[in-house]
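Single-letter residue listing:
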Amino acid sequence: MITAKSAWMDGGLVAFDKCNLHISAFGLHYGLGVFEGIRCYQRTDGTSAVFRLQDHIRRLFQSAATCGMQIPYTPAQIEQACLEVLRDNGLTEGYLRPLAITGAESLGLGALNNPIVTAVFAWPWQPPLGGAQHAGVKAQISSFVRGHANSSMMKAKITGQYAQSVLAKREALRLGVDEAILLDTQGYVAEGSAQNIFAVFGGQLFTPPTHAPILPGLTRDAVITLAKQHGIAVVESSFTRDSLYHAEEVFFTGTAVEIAAVREIDGRPVGAGGPGPVTRQLQALFSEVVRGPAMPAPHWITGV
C-alpha cells in the first residue's frame, strides 16, 4: 500500500490521506486523464536528483493536449511541485506520479467543461520485478495486441489506455511469467506491457521505430543515446516475434524497470539464457548516469 505524508494537489501541499476525487469525476468513468512516472535517485555524491524531469513534464502537457485537456498550471509549476513533494516527504530516492484527470461536473461522453484535477505524489521505490531485471525475466507473447495508430493515441500516457496493459500483465503473471510482449496489428513486435523493447542481432541493437504503435519512452531515448556514444550501432526497425526467438539478447526499458534483461520468451531461452554483454554494458552505463559518478547532459538531471 502506498503511504506518504503529503501530496501536491491543485496548487499546494495537502495531507496524503486527505486527497480525494469525487465518485462522479469524468476521468474515473471514461479514463480521460494523463500521467507520468518519474524517478528520483540518490547519487554517489550524496545528492538527490530527478532523472529527466523537464522531459517528463513536457510529455505530460503533450499528452494533455492530445486529449484536449488544459492543465491549469505551467510546466514550471508542476516541476516545482515534484521537487516540493520529494522534500516534504523526506525522500532522497523515490517514484513521482504527476497526474491530471478530468474531474466532476458533468457525465456523458460529450461533457467538455469539467475541471482538471492536478496532483503530484511520491513514494519510496521498490523494483517492480523484484530485482529480477538484472538476472533476466521470463516473457511471453501476449494475446493482447497494441492498437492501430488510428484507434488509440500511443504517443500519449492516457490513464484509460493502460487498461490493456494491466490485462496483458495480469495474463502473463497468471501464466507464470514476469512480463508480456505485445505485437502490433501487423504482427510486428511493439513493446512490453509498459516498457519499450530492444533486441540484439549480429551485435547491433534493434528497437521498434517511433512510427510504430509504441510510446517513445525517455529511458528508451537515453539507452539509444548511450549506445551511440559508446559505439553500439542502433537500428530503429520493425521485427517479428520469431526474430526474438533468434536474438542474441533482449531487454526492456522504462522508468520503472530501467533496463531489464529478458532471459526467456515463450519458453525459449534468449541467447545463453541470461543478460548478454550489450545488456550488461548498457545497464552499467545507465546506472552511472542516474546514480553517478557520470555527469550526463545537464537537462537530464534536476537536483532536489
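Scroll up a little and you will see the structure.
Residues numbered from 1 in each chain as written. Predicted model: local features only at pLDDT ≥ 70, side-chain atom pairs only at ≥ 80, totals over all residues. Heavy atoms only, no water.

1. Remarks on the overall build of the chain
At step 1: In terms of regular secondary structure, the chain is built from eight helices and 17 strands.
At step 2: Whereas a compact globule of 304 residues would reach a radius of gyration of roughly 19 Å, the chain reaches 19 Å, a difference of no more than 12%.
At step 3: For the chain, the proportion of its 304 residues judged to be buried stands at 50%.
At step 4: Just so you have it, the chain exposes about 13,600 Å², and 54% of that area is on carbon and sulfur atoms.
At step 5: Computed over 23 positive and 24 negative side-chain charges, the separation of the two mean positions in the chain equals 2 Å. (Helix = DSSP H or I, 4+ residues; strand = E, 2+ residues; numbered from the N terminus. Rg over C-alpha atoms; globule rule 2.2 N^0.38 Å. Buried < 20%, exposed > 50% of the residue type's maximum accessible area, 1.4 Å probe, protein only. Areas by Shrake-Rupley, 256 points an atom, 1.4 Å probe, with all protein chains shown as cover. Lys, Arg positive; Asp, Glu negative; His and termini not counted. Charge placed at Lys NZ, Arg CZ, Asp CG, Glu CD.)

2. Details of the pairing of strand β15 (residues 258-265)
At step 1: For β15, the buried fraction is high: seven of the eight residues fall into the buried class.
At step 2: Bridging between strand β8 (residues 137-145) and β15 involves three bridges; their strand directions are parallel. Bridging from a neighbouring strand, K138 pairs with E264 of β15.
At step 3: Bridge count between strand β14 (residues 249-254) and β15: five bridges; the pairing is antiparallel. Counted as the bridge partner of G254 is E258 from β15.
At step 4: In this antiparallel pair of consecutive strands, β14 and β15, the connection spans three residues.
At step 5: Summarising the sheet, β15 and strand β16 (residues 268-269) pair through two bridges and their orientation is antiparallel. (Pairing = 2+ DSSP bridges.)

3. Side note on helix α8 (residues 277-291)
At step 1: When the terminal C-alpha atoms of α8 are compared, their 21 Å separation across 15 residues agrees well with the 21 Å that a helix rising 1.5 Å per residue should span.
At step 2: Along α8, the residues that are buried comprise V278, T279, L282, Q283, L285, F286, V289 and V290.
At step 3: A positive phi of about 95 degrees marks G292, the residue just after α8. (Expected span 1.5 Å × (residues − 1).)

4. Section: a nonpolar patch on the surface
At step 1: Side chains of Y30, L107 and L109 sit close together on the surface and give an oily, nonpolar patch of about 340 Å² of accessible area.
At step 2: Inspection of the secondary structure assignment puts Y30 in helix α1 (residues 26-30). (Patch = residues over 30% accessible without salt bridge, like charges linked within 9 Å, V, L, I, M, F, W, Y side chains within 5 Å. Salt bridge = Lys/Arg side-chain N within 4 Å of Asp/Glu carboxyl O.)

5. Some words on the side chain of T253
At step 1: Along the chain, the position of T253 falls in strand β14.
At step 2: Leave out the neighbours within four places in its chain, and T253 touches Q195, N196, F198, T219, R220, V223, E258 and I259. (Contact = heavy atoms within 4.5 Å.)

6. Some remarks on the packing of aromatic side chains
For any two aromatic rings, the description comes down to two numbers: the centre-to-centre distance and the angle of the planes.
At step 1: Inspection of every chain in the model, using the stated rule, returns 12 aromatic pairs.
At step 2: Geometrically, the ring pair formed by F51 and F286 is edge-to-face, given 5.6 Å between the ring centres and 85 degrees between the ring planes. Of this pair, F51 sits in strand β5 (residues 48-51) while F286 sits in helix α8, and the two are 235 residues apart along the sequence. Both residues of the pair, F51 and F286, belong to the buried class.
At step 3: With a centroid separation of 5.4 Å and 75 degrees between ring planes, the pair formed by F201 and F206 is classed as edge-to-face. Like F206, F201 is buried.
At step 4: The rings of F16, Y95, F121, W123 and W125 are connected pair by pair, giving a single aromatic cluster.
At step 5: In this arrangement the basic side chain of R268 is found over the ring face of Y245, its NZ or CZ atom lying 4.0 Å from the centre. (Phe/Tyr/Trp six-rings, centres within 6.5 Å; stacked < 30°, edge-to-face > 60°. Lys NZ or Arg CZ within 6 Å of the ring centre and 35° of its normal.)

7. Comments concerning the packing of helix α6 (residues 218-229) against α8
At step 1: It is the contact of α6 with α8, at a shortest axis distance of 10 Å, that shows an interaxial angle of 110 degrees. Between α6 and α8, the angle is such that the two are roughly perpendicular. Here α6 contributes T219, A222, V223, L226 and A227 to the contact with α8, which in turn contributes L282, L285, F286 and V289.
At step 2: Looking at the contact of α6 with α8, its residues break down into eight nonpolar, one polar and no charged. (Axes fitted to C-alpha atoms, helices over the stretch in contact; angles between N-to-C directions. Parallel < 35°, antiparallel > 145°, perpendicular 65-115°, else oblique. Nonpolar A, V, L, I, M, F, W, Y, C, P; charged D, E, K, R; others polar.)

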